[in-house]
Amino acid sequence: MGALAVHQEETFGELLRAWRQRRRVSQLDLAIEADVSSRHVSFLETGRARPSREMVMRLAEELEVPLRHRNRLLVAAGYAPVFPEREVRAPEMAAVRQALDRILAGHEPFPALVVDAGWNLVAANAAAGMFMEGVPAELLQEPINVMRLSLHPDAMGGRLLNLAEVRAYLLSQLRRQAEASGHGALAELHDELAAYTYPGVELNVARVPGPADILLPLRIRHGDRVLSMFTTIATFGTPVEVTVSELAIETFWPNDEETAAAFGRPAAAS
């Protein structure tokens, strides 16, 4: 995979063209959606026209550009960024932290965690500690990367009984996210994880889903048990702040009665 990150020295036109191509949208299609002429879009990309602030925002919205990169488009066009970016621990983020804390605590006794756009761990509940048991200290140095933790052979990658299936899905997801977001670090992370080796494990063989299958579970060896779980991922609605727009909450759920019992709660109650 090639690097997908854009560079600050690029012009607005170059950035606009990169996002349009990343979204596989023609100049004509973008012009129709943004209610401008295709000639104007062409002039913006070649630098023959300068966009207004409103035009930058409209084009970015039509192309579903992440807030972080909308700021970069604005700066490249000569305007100040409009979407603030704060640390999760900032006083202004108190309502967000309270929401995250309630979600994480409310999901006990099952694991739940919060990650940023790079899949770095932001917060987790106590049950998520099971994913870090026996993991080498160097993988637990901040920032802890959840994708790396999931596939590293000395971490969860060495405990997943259906590694080939889970690995194929996670790498595919990571590749799509890197392409869609323009997040160069995700492309680098994909290449790192794809290079991991697992002696004795056939990675090119994946079980074909059966008629009774609904979700791809994570089948994890945990002590003398095998835990089967699936996950859900939630994000904040209508974010207008960069950090909040990039947060995702992943919750893990028991996939069978045995796993639910291992966590101390009947599957029906969960």
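Residues numbered from 1 in each chain as written. Predicted model: local features only at pLDDT ≥ 70, side-chain atom pairs only at ≥ 80, totals over all residues. Heavy atoms only, no water.

1. Considerations on the sheet that holds strand β4 (residues 225-234)
Item 1. The strand order across the open sheet formed by 5 strands is β2-β1-β5-β4-β3, and the pairing between neighbours is antiparallel. Since the sheet does not close on itself, it has two edges, and those belong to β2 (121-124) and β3 (218-222), each with one partner. Within this sheet the neighbouring strands show an average axis-to-axis angle of 30°, counted without direction.
Item 2. As paired elements, strand β1 (residues 112-115) and β2 share 3 bridges and run antiparallel to each other. When the bridges of β2 are listed, L113 appears paired with A124.
Item 3. Helix-sheet contacts for helix α6 (residues 94-106) involve β1, β2 and β5 (248-254), and the interaxial angle to β1 is about 150°. (Pairing = 2+ DSSP bridges. Helix = DSSP H or I, 4+ residues; strand = E, 2+ residues; numbered from the N terminus. Axes fitted to C-alpha atoms, helices over the stretch in contact; angles between N-to-C directions. Contact = heavy atoms within 4.5 Å.)

2. Overview of the packing of aromatic side chains
Item 1. For the coordinates displayed, the defined rule picks out 3 aromatic pairs.
Item 2. Between F110 and F263, the aromatic rings sit 5.4 Å apart at their centres with planes inclined by 80°, giving edge-to-face as the arrangement. Taken together, the positions of F110 in the loop between α6 and β1 and F263 in the segment after α11 (257-262) put the pair 153 residues apart, joining distant regions of the chain.
Item 3. Measuring from ring centre to ring centre gives 4.8 Å for F131 and F252, while their planes differ by 50°; the resulting arrangement is tilted. Pair noted here: F131 is in the loop between β2 and α7 (146-151) and F252 is in strand β5, with a separation of 121 residues, a long-range link.
Item 4. Its relative accessible area of 6% is what places F252 among the buried residues.
Item 5. Through pairs of rings, three or more aromatic residues link up here, namely F110, W253 and F263.
Item 6. Between R22 and the ring centre of W19, over which it is positioned, the NZ or CZ distance is 4.5 Å. (Phe/Tyr/Trp six-rings, centres within 6.5 Å; stacked < 30°, edge-to-face > 60°. Buried < 20%, exposed > 50% of the residue type's maximum accessible area, 1.4 Å probe, protein only. Lys NZ or Arg CZ within 6 Å of the ring centre and 35° of its normal.)

3. A word on the pattern of salt bridges
Item 1. On inspection of all chains with the given rule, the structure shows 6 salt bridges.
Item 2. Across the pair R20 and E45 runs a salt bridge, and its minimum N-O distance is 2.6 Å. Within this pair, whereas R20 is found in helix α1 (residues 12-22), its partner E45 is found in helix α3 (residues 38-46), the two being separated by 25 residues in sequence. Of the two residues examined, R20 and E45, each falls in the buried class.
Item 3. Across the salt bridge formed by R148 and E192, the nearest N and O atoms sit 2.7 Å from each other. Of this pair, R148 sits in helix α7 while E192 is found in helix α9 (residues 184-194), placing the two residues 44 residues apart along the sequence.
Item 4. Salt bridges sharing common partners tie together R17, R20 and E45. (Salt bridge = Lys/Arg side-chain N within 4 Å of Asp/Glu carboxyl O.)

Structural measurements only, silent on function.
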